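# Analysis of the macromolecular model
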Amino acid sequence: MVSKKVMINRIWVGALIFLSFLGMVALNIYFPNYAYSPNPTQIISGRAINSIIISALILLSVIEMRRALGKDKIPDCFSWLLWAYGFGLGPAYSLFGYTGILFYTLLVFLGAVVTSLIHDRVDSLIYIAFMFVYPGLFMATLLYLNRAAASRTVTTDLMYPFMESDIWSFLTPDHAVGNLLPLNGIALALVFAVSTFTDSFAFFVGVLFGKHQLCPNISPKKTIEGSIGGIVGGAFGSALIYFLFDFFGIFGPQFGLTFDGLGLSTAHIVLTYVLIGLGGSVVTQIGDLIASQVKRFCGIKDYSRILGEHGGIMDRFDGIMLNAVFVSFVFMFIF
């Protein structure tokens with residue numbers, strides 16, 4: 001049974017985290033720099049600020065994973081790789097997109113191979129490779145969604161008033177990729193809303209009604225009832241984003257999937273929301289189970305205590321980063 005103090009701490013810390021998520025979405029919505037505005041001189045936009053935040057989260061999550069695995073598995077001779085990886089992902093993505101992240105990851109791993117040969121620690125490579133993928137590449141999909149933009153091939157003249165121009169536009173070699181219709185607001189909103197409501201519904205339904213264990217060998221406190229509640233929560237989160245961004249369109253037409261310039265059919269839009277709401281909830285819960293399994297393997301309760309009762313960055317983003325991968329895959333068919 002969860003104590004009243006733990007419950008209260010979890011609620012208020014969770015509320016602060018949720019407000020932080022709202023702030024990131026709001027930055028993309030209310031702090032753009034439209035290329036065709038009267039004075040498009042702003043080079044720091046909301047998505048540029050968010051890219052710095054996400055890069056910091058990636059660095060912290062990689063550090064937490066290294067700490068969890070321990071220096072016996074990843075000794076100090078590999079420490080330079082963590083900093084090179086954490087600080088290099090943002091610029092690599094700004095210049096070359098997600099392909100830049102993939103090749104940069106391979107480059108840093110090549111550095112790990114050389115280091116392992118020098119220090120005779122080839123046994124550490126499997127743990128480093130795991131760390132670069134989980135959480136590294138998984139978390140990096142948030143960078144992909146934060147820069148989410150519609151392809152010119154699926155838009156019409158309706159998109160031109162909403163083309164953005166910021167620091168990413170200058171970093172991009174052809175100065176074009178950054179100047180696209182923004183979908184980053186709804187992309188991040190879907191990830192955060194579906195994952196947050198999945199976790200919240202699963203937690204409270206599990207506490208109130210949970211009787212049947214879901215995966216007792218991995219996480220004894222998780223129940224089938226809580227998991228079902230989580231799926232309902234994911235569907236609720238997806239529906240909430242639909243009503244805010246599309247049905248009521250309170251943020252403007254360019255941030256919704258129903259924007260005419262995207263050319264998406266009603267069936268396509270409905271399928272997108274249903275897939276993300278239900279599939280994203282399932283993936284979020286899988287991410288939570290994977291994190292629990294890794295913690296059991298490492299013999300730890302939380303990755304850190306930076307977020308109080310919510311643990312560390314990895315404890316809070318375990319489901320979010322897997323959901324980000326899923327949403328990125330769905331959005332590939334839109335961009």
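Let me sum up the structure you'll find in this document. (Residues numbered from 1 in each chain as written. Predicted model: local features only at pLDDT ≥ 70, side-chain atom pairs only at ≥ 80, totals over all residues. Heavy atoms only, no water.)

### Section: unusual backbone geometry
Using the following cut-off: Numbering of helices and strands starts at the N terminus; helices are DSSP runs of H or I of at least 4 residues and strands are runs of E of at least 2. Three exposure classes are used, based on accessible area relative to the maximum for each residue type with a 1.4 Å probe and protein chains only: buried under 20%, partly exposed in between, and exposed over 50%.
The amide bond that connects Tyr134 to the next residue, Pro135, takes the cis arrangement and shows omega of 20°. Checked against the element boundaries, Pro135 lands in helix H4 (residues 125-146). In the Ramachandran plot, Asp120 falls in the positive-phi region, its phi being about 55° despite a non-glycine side chain. Topologically, Asp120 is positioned in the loop between helix H3 (79-119) and H4. A relative accessible area of 65% means that Asp120 is categorised as exposed.

### Concerning the nonpolar core
Put simply, the test is: In this text, buried Ala, Val, Leu, Ile, Met, Phe, Trp, Tyr and Cys residues form a nonpolar core when linked through side-chain atoms within 4.5 Å. Any two residues having at least one pair of non-hydrogen atoms within 4.5 Å are treated as being in contact.
The biggest cluster of nonpolar side chains holds 79 residues, and the ones touching the most others in it are Leu142, Ile186, Phe245, Leu257 and Phe331. Listed by contribution, the elements that provide at least two residues to this core are helix H1 (4-30), helix H2 (46-69), H3, H4, helix H6 (184-209), helix H7 (224-247), helix H8 (266-298) and helix H9 (313-331). Not counting the four nearest positions on each side in its chain, Phe331 is found in contact with Leu183, Ile186, Ala187, Leu190, Leu257 and Ile276.

### Some points on the packing of H2 against H4
Quick note on the threshold: Helix axes are fitted only over the stretch in contact, all axes being lines through C-alpha atoms; the angle between N-to-C directions runs from 0 to 180 degrees. Here the angle decides the label: under 35 degrees means roughly parallel, over 145 means roughly antiparallel, 65 to 115 means roughly perpendicular, and every other value means oblique. When the near helix sits turned anticlockwise from the far one by under a right angle, the crossing is termed left-handed; a clockwise turn instead gives a right-handed crossing. Under this grouping Gly is polar, as are all residues other than the nonpolar Ala, Val, Leu, Ile, Met, Phe, Trp, Tyr, Cys and Pro and the charged Asp, Glu, Lys and Arg.
At a minimum axis separation of 9 Å, H2 and H4 run at an interaxial angle of 165°. Here H2 lies roughly antiparallel to H4, going by the angle between them. Considering only the axes of H2 and H4, their crossing is right-handed. In contact with Arg47, Asn50, Ser51, Ile54, Ser55, Leu57, Ile58, Ser61, Val62, Met65, Arg66 and Leu69 of H2, H4 contributes Tyr127, Phe130, Met131, Tyr134, Pro135, Gly136, Met139, Ala140, Leu142, Leu143 and Asn146. Considered class by class, the residues forming the contact of H2 with H4 number 15 nonpolar, 6 polar and 2 charged.

### Considerations on a nonpolar patch on the surface
To keep it simple, the criterion reads: Without a salt bridge and with relative accessible area above 30%, a residue can belong to a patch; like charges are then joined within 9 Å and nonpolar side chains (Val, Leu, Ile, Met, Phe, Trp, Tyr) within 5 Å. Using a 1.4 Å probe, accessible areas were evaluated by the Shrake-Rupley method; residue-level cover was limited to the displayed protein chains. Any carboxyl oxygen of Asp or Glu that lies within 4 Å of a side-chain nitrogen of Lys or Arg is treated as forming a salt bridge with it.
Judged by side-chain polarity, Ile231, Val270, Val274, Leu278, Val282 and Ile286 come together as a nonpolar surface patch covering roughly 440 Å² of accessible area. The element best represented in the nonpolar patch is H8, accounting for 5 residues. Among the structural elements, Val274 can be located in helix H8.

### Some words on H2
Rules: Expected helix span is computed as 1.5 Å times (number of residues minus one).
For H2, spanning 24 residues, the distance from its first C-alpha to its last is 35 Å, which sits close to the expected 34 Å at 1.5 Å a residue. In terms of burial, H2 is largely enclosed, as 17 of its 24 residues are buried. Gly70 lies just past H2 and shows a positive phi near 95°.

### Some words on the pairing of strand E2 (residues 219-223)
On a regular strand, each side chain points to the face opposite its neighbour's, so the side chains alternate between the two faces of the sheet. How we decide: At least two bridges found by DSSP between two strands are what make those strands a pair.
Pairing analysis gives 2 bridges linking strand E1 (residues 213-215) to E2, with the strands arranged antiparallel. Looking at E2, one finds that Gln213 is bridged to Thr223. Counted along the chain from E1 to the antiparallel partner E2, the turn is 3 residues long.

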